[in-house]
Amino acid sequence: MNQVRILGIGSPSGDDQAGWLVADALSAMGVDACIDRLDRPGANLIPLLEDTAWAILIDAMQSGSPIGDIRRFGTETWPAYSQGLSSHGLGVIDALSLARELGSLPSRIDLYGIEIGPVAPGTTAGDDIQAAARQLARHIAADLAASR
């Protein structure tokens, strides 16, 4: 069983790389966890959650908040959040809801969203997104260290 699995979700399109940037920063910090970068996983997210005690998912969101804002959704709050998180066809919330119905959720899930601006294919993430990704990586690393 994976004790902790961190999934940075995104695409190669500009600010939508936010989840990938966090995963990369955590890897560079040497965080002791299974860390993956996923390109719009949709329902393929579900099997990645199985046999995991604690899943940390990071994705881009567009809710109208300032670019670079970070929001945390726990299992008590993400089911009620139906807009803004994920720019993907079958989004993260949809996949988590399906996993819940299938009994495949880990005992702990932390879902983070980084507010992004317009997504432009072939561009790099903006400075605000890169700074937010580094900030969130530090926060996640500290949370993991405190839990051990």
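Reading the values: the criteria
- Residues numbered from 1 in each chain as written.
- Predicted model: local features only at pLDDT ≥ 70, side-chain atom pairs only at ≥ 80, totals over all residues.
- Heavy atoms only, no water.
- Helix = DSSP H or I, 4+ residues; strand = E, 2+ residues; numbered from the N terminus.
- Expected span 1.5 Å × (residues − 1).
- Buried < 20%, exposed > 50% of the residue type's maximum accessible area, 1.4 Å probe, protein only.
- Salt bridge = Lys/Arg side-chain N within 4 Å of Asp/Glu carboxyl O.
- Pairing = 2+ DSSP bridges.

J.: An account of helix 4 (residues 127–147) is needed here, citing residue identities and associated values.
T.: When the terminal C-alpha atoms of helix 4 are compared, their 30 Å separation across 21 residues agrees well with the 30 Å that a helix rising 1.5 Å per residue should span. Regarding helix 4, the residues found buried are Ile-129, Ala-132, Ala-133, Leu-136, Ala-137, Ile-140, Ala-141 and Leu-144.

J.: Tell me about the pattern of salt bridges, and please be specific about residues and values.
T.: This structure, assessed with the given rule, holds five salt bridges. Among the salt bridges present, the one from Asp-36 reaches Arg-5, with a minimum N-O distance of 2.9 Å. One end of the pair, Asp-36, is in strand 2 (residues 34–39); the other, Arg-5, is in strand 1 (residues 2–10), with 31 residues separating them in the sequence. Between Asp-143 and Arg-108 there is a salt bridge, with the nearest N and O atoms lying 3.3 Å from each other. Of this pair, Asp-143 sits in helix 4 while Arg-108 is found in strand 5 (residues 108–115), placing the two residues 35 residues apart along the sequence. One continuous salt-bridge network, built from bridges that share partners, spans Arg-72, Arg-108, Asp-110 and Asp-143.

J.: Break down the pairing of strand 3 (residues 52–61) for me, citing the residues and quoting the values.
T.: When you tally the buried positions in strand 3, you get 10 out of 10 residues, the bulk of the element. Examined bridge by bridge, strand 3 and strand 5 share eight bridges and lie parallel to one another. If you follow Trp-54 over to strand 5, its bridge partner there is Arg-108.

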